[in-house]
Every structure is written in C-alpha cells, then in structure tokens.
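Reading the structure
Each chain, letter by letter, is given below.
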Amino acid sequence: DTAVSQTPKYLVTQMGNDKSIKCEQNLGHDTMYWYKQDSKKFLKIMFSYNNKELIINETVPNRFSPKSPDKAHLNLHINSLELGDSAVYFCASSQLAGLAGDDSYNEQFFGPGTRLTVL
Amino acid sequence: LAKTTQPISMDSYEGQEVNITCSHNNIATNDYITWYQQFPSQGPRFIIQGYKTKVTNEVASLFIPADRKSSTLSLPRVSLSDTAVYYCLVAPIYNQGGKLIFGQGTELSVKP
C-alpha cells in the first residue's frame with residue numbers, strides 16, 4: 001500500500017502549456033503539502049492544505065494553484081509553464097500534532113516526486 | 001523565520017559515527033527540530049524529532065543544547081546504505097500559520 005502517491009512520475013512539456021500533477025494519500029491525514037526541489041536540492045514549501053483550507057502559501061507565482069477535492073487529494077495545477085518551473089515536485093501529508101507540550105509529533109510523509117521538465 | 005544552515009557535504013566510512021550539525025539561530029519558542037533523510041529519486045523520510053536535550057530512536061540520536069540555536073543528528077555506525085541527503089527542518093509541529101523551512105541539506109557519502 002502506497003501511503004502518498006503522485007502521478008505522473010515524469011512530465012515533459014513545452015513552455016506555455018498548462019499541466020497538473022495529482023497527489024493522493026491513504027493515511028487519513030488532515031494536512032497535505034506541495035514542495036518544489038530544484039537542481040541544488042533546496043526543498044521549498046509551496047502550499048499546505050488543512051481540511052480544504054489553505055494555511056501556508058509561500059511566494060509562489062499565481063500560475064500555480066492547489067486544488068483539493070477532498071481530504072485525501074491535493075492536486076497542483078500549473079498554468080503557462082516556464083523554463084524555471086523545471087524541478088522535482090513533492091507532495092506530502094501529515095497529521096497535525098496536538099497541543100504544544102504533548103509528546104506527539106508532526107511527521108510528514110512524502111510522495112515519490114514528479115520530475116517536471118519544461119522545454 | 002528560523003533559517004537553518006548545514007554543511008553541504010560530509011564523507012565517512014562504514015562503521016563510523018557521523019554527526020551532522022544544523023544551525024538555527026532564530027528558532028522560535030514553539031519550533032521543533034526535525035530531521036529527514038532523502039535517497040536519490042525518492043521523497044524525504046522522517047528520521048527523528050526533538051524540542052530540547054536529547055532524543056534517541058532506533059536509527060539516530062538528536063542532541064539539542066539548552067539555547068536550541070543548533071542541533072546535531074548523530075548516526076551510529078553508518079553503513080553504505082546511509083549514503084543520502086539529510087535535511088534539518090525547524091517548524092512548529094502544529095503548523096498553524098507557521099513556516100516550513102528546510103535547510104539546504106547535507107549530502108553524506110559513506111565509503112567502504
């Protein structure tokens with residue numbers, strides 16, 4: 001059983017196109033994330049969704065839009081793709097920890113990644 | 001925001017203990033420190049998390065000094081399969097309104 005899955009694994013497309021990457025988690029988690037990892041291995045948060053509410057949105061161009069049809073899915077839509085969008089995109093999920101001070105922790109489970117190449 | 005700094009790369013030999021330090025001078029009171037491991041062509045995987053002092057699990061130990069401005073991931077007796085990139089993350093565990101800032105990662109190479 002794959003905990004966090006992403007499709008497609010590889011995506012090659014032309015500049016200016018619109019594409020989507022799908023993410024699904026079967027862990028029953030209530031928070032999902034999208035990360036971008038560039039060629040230098042920097043891992044940057046893009047979005048986070050908790051119960052269908054966007055709670056984190058870093059300085060990401062509005063060409064990128066997350067869409068969550070339900071708690072188990074967080075898809076990433078990208079419009080007007082640019083060369084600089086080429087990267088590996090990771091989806092992740094977690095179950096928010098309880099109140100600060102208890103022993104629970106917020107472990108993120110990552111998907112296998114989608115390598116996007118824009119030509 | 002708690003920016004983190006790690007060494008870019010480290011080399012080690014099988015059987016040695018490896019210590020990777022992460023600096024986070026601006027860590028906030030409600031931030032926890034989490035380490036992730038990433039193999040090539042895979043997503044990061046959780047290793048260990050702590051708030052202060054020392055935490056130990058079956059794969060690693062995490063040392064956090066009293067001022068919490070740094071943390072050290074300790075991998076005992078590494079093997080070739082420990083070759084990976086290790087990321088330090090400083091963030092609130094309940095993430096409400098917080099920022100998820102990963103370090104640039106430390107590429108650990110274990111040699112026979």
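In this report, the structure presented in the accompanying data block is examined.

Right, let's talk about the sheet that holds strand S1 (residues 4–7) of chain A for a bit. Residues and elements named next belong to chain A. Here we have 4 strands laid out as an open sheet, ordered S1-S3-S8-S7, and antiparallel in their pairing. Of all the strands in the sheet, the pair left with one neighbour each is S1 and strand S7 (64–70). On average, adjacent strands in this sheet sit at an angle of 20 degrees to one another, irrespective of strand direction. Here S7 pairs with strand S8 (residues 73–78) via 5 bridges, running antiparallel. Of the residues in S8, the one forming a bridge with Lys-67 is Asn-75.

Our next topic: the state of the cysteines. A covalent bond bridging the sulfur atoms of two cysteines is what the word disulfide describes. Using the criterion set out here, one finds 2 disulfides over all chains in the structure. Each sulfur of the disulfide joining Cys-23 of chain A and Cys-91 of chain A lies 1.8 Å from the other. The S-S bond linking Cys-23 of chain A to Cys-91 of chain A shows a torsion near -75 degrees; that makes this disulfide left-handed. With Cys-23 of chain A in strand S3 (residues 19–25) and Cys-91 of chain A in strand S9 (residues 87–94), the pair connects residues that are 68 residues apart, well separated along the chain. Neither residue differs from the other here; Cys-23 of chain A and Cys-91 of chain A are each classed as buried. Each disulfide pairs two cysteine sulfurs, and for Cys-22 of chain B the partner residue is Cys-88 of chain B, the sulfurs being separated by 2.3 Å. Note on the Cys-22 of chain B and Cys-88 of chain B pair: the S-S dihedral is about -80 degrees, so by sign convention the disulfide is left-handed. On the criterion of sequence distance, the pair formed by Cys-22 of chain B in strand S2 (residues 18–23) and Cys-88 of chain B in strand S8 (residues 84–92) is long-range, its members being 66 residues apart. Per residue, the accessibility class of Cys-22 of chain B equals that of Cys-88 of chain B, and both read buried.

All names here are of chain A. Enumeration according to the criterion identifies 7 aromatic pairs over all chains in this entry. Look at Tyr-35 and Phe-110: their rings are 5.2 Å apart centre to centre, the planes differ by 40 degrees, and that puts the pair in the tilted class. Of the two residues, Tyr-35 is situated in strand S4 (residues 31–37) and Phe-110 in strand S10 (residues 109–110); the sequence distance between them amounts to 75 residues. Here the two residues Tyr-35 and Phe-110 agree in accessibility, since each one is buried. Seen from their ring centres, Phe-90 and Phe-110 are 6.4 Å apart, and the 80 degrees between their planes marks the pair as edge-to-face. You can see Phe-90 sitting in strand S9 and its partner Phe-110 sitting in strand S10, a full 20 residues away along the chain.

Analysis parameters
- Residues numbered from 1 in each chain as written.
- Chains lettered and ligands numbered in written order.
- Predicted model: local features only at pLDDT ≥ 70, side-chain atom pairs only at ≥ 80, totals over all residues.
- Heavy atoms only, no water.
- Pairing = 2+ DSSP bridges.
- Helix = DSSP H or I, 4+ residues; strand = E, 2+ residues; numbered from the N terminus.
- Axes fitted to C-alpha atoms, helices over the stretch in contact; angles between N-to-C directions.
- Disulfide = S-S within 2.5 Å.
- Buried < 20%, exposed > 50% of the residue type's maximum accessible area, 1.4 Å probe, protein only.
- Phe/Tyr/Trp six-rings, centres within 6.5 Å; stacked < 30°, edge-to-face > 60°.

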